[in-house]
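Residue-level structure breakdown
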Amino acid sequence: MSEKGQTDKVTVNIDGKDVDVPTGITMIEAAEIAGKEVPHYCYHPKLSISGNCRMCLVEMGMPMRDRATGEPVMDDDGKQKIGWMPKPAIACNSKVSPGLHIKTDTDLVKDCRNGIMEFLLVNHPLDCPICDQAGECRLQEFATDYGRGFSRFIEEKNVKPKRTVLGPRVILDDERCILCSRCIRFMDEVADDPVLGFTERGSYSTLTCFPGKNLDSNYSLNTVDICPVGALTSRDFRFKMRVWFLKSVKSICTESSAGANTEVWQREGKIYRITPRRNDAVNDTWMTDSGRALYKQVEAENRLVQPKVNGGSASATEAVSAASKILKESDKIAVVASTHSSVEEQHFLSKLVRGKKAKVHAVAHLGEEDGLLLSADRTPNTRGAFITGLISELPSADLSALGSQIDAGEVDTVLAVHEDLAAVGLSDEQIDKVKLIQIATVSTPSAEKAAVLIPSLTVFERSGSFVNQQFRLQKFHAVVPGPAGLLSDLQVFASLAALTAGGVSESVRLKDAWDSLSSEIEELQGLQFRTIPDEGLAVPPGNFANIPFPEKKSLKFDSREFVREAMGVSEAS
Amino acid sequence: MSAGENRILFKNIDQPGYGRDIDSYMAAGGYETLKKAVGMKPEEICSEVMDSGIRGRGGAGFPAGMKWKFLDRKSGKPIYLVCNADESEPGTFKDRQIIYKDPHQLIEGMMISAYGTQTALAFIYIRGEMYEGARILEEAIEEARAKNFLGDNILGSGYSCDLIVHRGAGAYICGEETGLIESIEGKRPYPRIKPPYFPAVLGLYMCPTIVNNVETLCHVKHVIERGGKEYAKIGKPGNTGTRIWSVSGHVQKPGYYEIECGAMTYGELINDLCGGLRPGRKLKAIIPGGSSSKVLRADERFTGKLKDGTEFDWGVGDIPLDFDSPMAAGTMSGSGAVIVMDDSTDIVGALANINAFYAHESCGQCTPCREGSLWLKKVTARMIAGEAREEDADLLKSIADQIEGRTICAHGEATAWPVQSFILKFRDEFIEYARKQAAERKAKNAQPAAVA
């Protein structure tokens with residue numbers, strides 16, 4: 001997860017063209033830079049090199065030197081001769097070096113790919129019509145691009161287990177498996193839970209869990225992502241939808257402050273799955289299983305869709321204006337802010353807070369860190385709340401401070417954002433004492449008591465940005481439309497801020513938020529929503545760096561470096 | 001010992017009254033060379049081995065002295081010495097003679113090699129099926145330890161090294177040196193990718209490691225006993241010392257024969273030492289160096305130039321028994337296993353047998369070998385089951401071509417070479433095989449149906 005710094009360059013020759021590439025990368029990566037596809041199965045940029053699929057065979061040559069003198073050997077044109085290796089070499093394993101020559105489009109290379117494709121398919125069931133991987137399957141893609149187009153195999157295919165349940169979320173079809181070992185390496189090297197391995201040998205090799213073990217790690221679904229074929233499938237997603245019908249939208253995982261970059265896949269307003277999106281500065285190419293399940297909140301059984309005023313149905317606009325009236329009338333307001341809110345939402349909420357001189361409370365949602373992508377802070381945007389000035393102290397364990405203020409009569413009106421007050425430390429009596437404006441996505445007992453209830457949108461239905469534990473500003477986009485008639489939190493907070501200040505409610509967009517954010521917040525100066533890159537942007541933490549945030553472990557790791565170190569292999573070797 | 005043999009390693013083996021115990025060995029002058037060796041400087045041992053020109057007896061024939069020289073001594077990591085006693089190449093049965101009948105010779109050779117390379121710990125990786133061999137070695141090690149030929153402060157030299165017997169679990173691929181290393185480490189014996197995992201740099205436990213064959217390590221004893229230059233006088237330049245040839249198949253006297261390199265030919269070995277073919281039979285083919293080496297047809301002729309410039313024109317029987325000559329004839333001496341086939345041999349059946357072996361022993365790590373070897377097996381199995389097709393010959397060759405040179409380890413070549421050479425040299429027989437079956441089927445179908 002380290003950001004690659006500027007490295008030295010070396011010149012290599014790929015298919016006759018000189019290309020400058022960073023030192024230390026492999027031939028396969030160099031070819032990619034040169035725009036040449038080197039097909040591969042077992043190679044994965046974030047795992048150790050296994051070299052077993054042999055799909056990436058290329059021709060490799062080095063400038064010749066005289067063995068005795070060490071002097072370069074020149075050809076008739078005064079150029080250094082290239083000594084081509086007698087056998088093809090795998091491009092995933094060898095590092096680039098000055099003068100390295102690679103050929104990726106010779107007859108030999110084509111014949112190698114052709115042969116490997118044929119071999120991979122001889123015992124493959126060719127059951128694409130019922131395979132979930134179809135449409136995003138490397139076997140399909142490379143068979144089309146590099147395969148022979150017909151089979152010479154007339155023998156009987158091997159028979160292997162068809163539906164092995166490896167764990168609660170992953171199922172295995174061993175006949176489809178091409179034994180690339182990516183999943184084994186992932187569980188060992190990244191998830192640090194080595195439960196997968198091969199049994200049997202030769203073509204009868206079979207992927208399986210070790211005896212008495214389960215693939216139940218919270219990272220198990222990454223094995224499904226990196227499986228280049230349809231061997232490992234997600235029990236949640238399989239047989240639900242053809243992938244070519246799905247469209248993906250870039251999003252951010254809200255499970256914790258790690259802020260894994262994700263893609264959320266939908267068709268016709270329904271979300272089917274969440275997959276990680278590569279970001280070497282944050283989550284490499286991984287995410288948690290639990291984060292992938294979050295899309296289910298969109299269709300949660302207790303999802304709130306009906307705004308209410310004093311228990312009676314109302315439109316969202318009516319609810320907002322009722323809320324603004326309550327807020328206008330009180331000068332003993334407390335806001336229970338949420339670190340689930342986006343930077344933009346927090347910005348408008350903090351305007352409201354400043355305008356009404358409201359007391360601000362926030363509740364911490366903490367959990368155990370797993371050292372990978374599940375951090376101690378189980379909300380995505382605590383740092384955003386500091387940067388926008390919404391909070392100035394770390395969220396507290398519960399709302400007992402607010403309870404005391406209510407008991408002391410210092411608070412008579414509470415605007416609760418995404419918190420179930422009863423669940424975070426307020427007694428029923430205390431809740432009953434105040435006028436409650438509740439903003440929430442799901443129904444709770446205290447929400448039902450609210451004077452004004454404003455149902456809200458999930459992260460999949462709105463756009464905005466979060467600041468993760470690395471002080472990295474990352475944006476997410478609406479994947480599906482929210483329930484009809486609901487307003488976004490952004491609009492609700494903007495309207496409340498305007499109305500309570502005596503102004504009028506106007507329709508706001510993200511751009512409006514950023515126009516004032518970039519002028520009012522020092523850390524965000526000059527930024528616009530559209531200028532935040534997809535991979536996010538580091539925000540200077542400034543004074544906030546000294547805040548004792550709950551995350552104890554940093555997000556920095558690079559599995560491949562780790563593996564090399566563990567094996568005592570230096571870069572030089 | 002038959003006339004024509006020159007027994008150095010096998011000098012005492014099979015001699016009446018010679019046992020495998022340490023007393024027998026010491027009575028025959030055993031461990032004297034170790035005593036000599038610990039009085040020398042380690043680097044002197046290495047240079048004697050270099051001078052001897054001795055080449056590895058496991059199959060590849062790589063110079064042992066050179067292998068030792070590649071050891072990474074700058075890393076500061078401990079050095080390991082591993083004896084490859086996984087002898088599994090079909091047709092090969094030489095190392096087991098030493099292990100079963102003269103284990104102390106191997107131990108002495110290993111301890112000299114260990115001292116020379118300053119090994120921290122030595123292993124004998126023995127094939128799983130040789131259970132008795134492992135027991136014998138362990139007994140012998142205890143005998144040697146009692147006399148301080150291994151263990152702490154060997155013979156008062158200040159050098160300590162222990163020797164561990166590690167049993168395999170029965171896999172041919174464990175004879176591949178990096179697969180063997182993985183196996184000792186307790187993993188599946190998937191051969192490692194080279195580079196970077198050359199054993200001399202990143203071997204056992206990622207430390208510099210020497211892996212030598214049983215026969216090679218025994219030769220080290222005789223190299224030090226005689227001196228490297230003196231030893232190099234045995235055999236021919238570049239092909240020094242003696243070699244043990246395991247002869248099996250259609251000869252009168254199959255068995256093991258230790259012969260000075262280049263002193264005899266394949267013809268002399270078969271006809272003189274092995275008593276020739278069975279009566280009335282003619283030679284059809286020879287597999288000259290273990291089942292993975294390319295087959296030679298009895299009526300082939302080989303012409304060309306050797307490395308030293310001398311021209312040759314050989315029939316199969318004229319090929320000298322050494323390292324370079326079989327290579328010049330387009331095959332290899334490999335592990336020294338000579339499989340003789342006379343004219344009664346069903347050549348398709350022979351290949352089916354070989355294919356079954358390599359498919360069974362493919363570790364399954366890399367695609368070409370894993371899928372190709374089983375496909376080859378399935379094709380030849382179908383052929384001998386009566387479903388041969390004329391195009392199978394070319395299909396077999398094509399599959400083999402898609403394996404060779406594209407795998408992680410040499411098992412790919414071991415799988416491909418027999419197929420390529422069988423088809424190249426007996427293509428007509430493969431096609432005739434299919435035609436004959438087709439004709440038989442036709443005749444059978446043409447017969448009137450039996451009356452019920």
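This part is about the overall build of chain A. In terms of helices and strands, chain A carries 15 helices and 24 strands. In terms of overall dimensions, chain A has a C-alpha envelope of 90 × 55 × 40 Å along the principal axes. Scored against the burial criterion, the 573 residues of chain A give a buried share of 55%. For chain A, the proportion of contacts with a sequence separation of at least 24, taken over those separated by at least 6, is 67%. Here chain A contributes 67 positively and 79 negatively charged side chains, and the mean placements of these two sets differ by 3 Å.

Let us now look at the overall build of chain B. Check the secondary structure of chain B and you find 17 helices and 13 strands. For chain B, the C-alpha radius of gyration of 23 Å lies close to 22 Å, the compact-globule estimate for 452 residues. Across its three principal axes, chain B shows a C-alpha extent of roughly 90 × 50 × 45 Å. Counting the 452 residues in chain B, one finds 60% classified as buried. For chain B, restricting intrachain contacts to residue pairs at least 6 apart in sequence, the fraction spanning at least 24 positions comes to 70%. Approximately 17,100 Å² of chain B is accessible, and the part contributed by carbon and sulfur atoms is 52%. Chain B carries 55 positive and 60 negative side-chain charges, and their two centres are separated by 3 Å.

Further remarks concern the sheet that holds strand β21 (residues 452–455) of chain A. All names here are of chain A. Pairing within the open sheet is mixed, and its seven strands lie in the order β16-β15-β21-β20-β19-β17-β18. Taken across any chain shown, the strands that pair with only one partner, and hence form the sheet edges, are β16 (312–313) and β18 (359–362). In this sheet, β21 lies alongside strand β20 (residues 435–440) in parallel orientation, the contact comprising four bridges. Paired with Q438 across the bridge in β21 is L453. Where helix α7 (residues 316–329) meets the sheet, it contacts β15 (308–309), β17 (333–337), β19 (413–417), β20 and β21, and its direction lies at approximately 135° from that of β21. On the sheet, helix α13 (residues 489–500) packs against β19, β20 and β21 and is oriented at approximately 150° with respect to β20.

Y41(A), F186(A), L196(A), L207(A) and L232(A) are the most contacted members of the largest nonpolar core, which totals 63 residues. Those residues in contact with F186(A) that lie beyond four places of it in its chain are L47(A), A191(A), Y219(A), N222(A), T223(A), I226(A) and W286(A). Residues C83(B), M111(B), C218(B) and Y256(B) belong to the second largest nonpolar core, which totals 59 residues.

All names here are of chain A. Per-residue pLDDT for chain A has a mean of 93; in total, 96% of the residues score no lower than 70. Taken as a whole, residues 1–5 scores under 50 in pLDDT and shows 17 contacts with residues more than four places along the chain or in a different chain. The low-confidence segment residues 559–573, where pLDDT is below 50, has 23 contacts with residues more than four positions distant or belonging to other chains.

Residue and element names in this part refer to chain B. For chain B, the domain assignment lists domain 1 (22–233), domain 2 (244–342) and domain 3 (347–439). One C-alpha centre belongs to domain 1, the other to domain 2; they are set 28 Å apart. The interface is formed by 16 residues belonging to domain 1 together with 18 residues belonging to domain 2. Summed over both partners, the interface of domain 1 with domain 2 buries about 1,400 Å², with 55% contributed by carbon and sulfur atoms.

Before going further, it helps to examine a nonpolar patch on the surface. Residues and elements named next belong to chain B. On the surface, M50, F62, M66 and F70 cluster together to form a nonpolar patch covering roughly 350 Å² of accessible area. By the secondary structure assignment, M66 is in helix α4 (residues 64–69). We classify M66 as partly exposed; its relative accessible area is 33%.

Time to look at the domain arrangement of chain A. All names here are of chain A. On domain assignment, one finds that chain A holds domain 1 (9–105), domain 2 (125–299) and domain 3 (308–546). Centre-to-centre separation of domain 2 and domain 3, based on C-alpha positions: 36 Å. Contact with domain 2, which involves 34 residues of that partner, is made by 30 residues of domain 3. Buried surface at the junction of domain 2 and domain 3, both sides included, amounts to about 2,500 Å², of which 63% is carbon and sulfur. The largest per-residue losses of area from domain 2 upon contact with domain 3 belong to I252, T254 and S257, which jointly make up 23% of the total buried on that side. Taken together, the links from domain 2 to domain 3 amount to one salt bridge. Here K250 ties to D534 by a salt bridge, and the two come within 3.7 Å at their closest N and O atoms. At the junction of domain 2 with domain 3, the criterion picks out 16 residue pairs in polar contact (both at pLDDT 80 or more). Listed by contribution, the elements that provide at least two residues to the side of domain 2 that touches domain 3 are β12 (247–252), β13 (261–267) and β14 (270–276). Of all the elements, β12 adds the most residues to the side of domain 2 that touches domain 3, at four residues. Taken together, the residues of the side of domain 2 that touches domain 3 sort by class into 17 nonpolar, 13 polar and four charged.

Each value, and the rule that gives it
- Here the residue numbers are simple positions, counted from 1 along each chain's written sequence.
- Going through the entries in the order they are written, you letter the chains from A and number the ligands from 1.
- Reporting of local features is limited, given that this is a predicted model, to residues whose pLDDT is at least 70; pairs of side-chain atoms are given and counted only at 80 or more, and all residues count toward the totals for whole chains, interfaces and linings.
- Water and hydrogen atoms were dropped before computing side-chain values, which therefore reflect all heavy atoms in the structure.
- The secondary structure listing takes helices from DSSP runs of H or I that are at least 4 residues long and strands from runs of E that are at least 2 residues long, numbered from the N terminus.
- Only protein chains enter the accessibility calculation, which uses a 1.4 Å probe; a residue is then buried when its area is under 20% of its type maximum, exposed when over 50%, and partly exposed in between.
- Between two residues, a contact is recorded if the distance between any of their heavy atoms is within 4.5 Å.
- Residues scored as positive are Lys and Arg, those scored as negative are Asp and Glu, and His as well as the terminal groups of each chain are ignored.
- Note on charges: their place is set at NZ of Lys, CZ of Arg, CG of Asp or CD of Glu.
- Here the globule rule is a power law, 2.2 Å times the number of residues to the power 0.38, and the radius of gyration is based on C-alpha atoms.
- Here the accessible surface of atoms and residues is derived via Shrake-Rupley with a 1.4 Å probe, and residues count as covered only by protein chains that are part of the display.
- DSSP-based pairing: two strands are paired if at least 2 bridges between them are found.
- Angles run from 0 to 180 degrees between N-to-C directions of axes, and those axes are lines fitted to C-alpha atoms, restricted for helices to the stretch in contact.
- Each nonpolar core is a collection of buried residues, namely Ala, Val, Leu, Ile, Met, Phe, Trp, Tyr and Cys, held together in the definition by side-chain atoms within 4.5 Å.
- What pLDDT conveys is the predictor's confidence in a given residue, as a value from 0 to 100.
- As used throughout, domain bounds are those supplied by an automatic or database domain assignment.
- Once two parts are put together, the accessible area they lose, assessed with a 1.4 Å probe and summed over both, is termed the buried area.
- Candidates for patches are residues over 30% relative accessible area with no salt bridge; among them, like charges are joined within 9 Å and nonpolar side chains (Val, Leu, Ile, Met, Phe, Trp, Tyr) within 5 Å.
- Salt bridges are counted wherever a side-chain nitrogen of Lys or Arg sits within 4 Å of a carboxyl oxygen of Asp or Glu.
- N or O atoms closer than or at 3.5 Å make up a polar contact, with two conditions inside protein: a donor-capable atom paired with an acceptor-capable one, and, for residues adjacent in sequence, both atoms drawn from side chains.
- Basically, the charged four are Asp, Glu, Lys and Arg, the nonpolar ten are Ala, Val, Leu, Ile, Met, Phe, Trp, Tyr, Cys and Pro, and anything else, Gly included, counts as polar.

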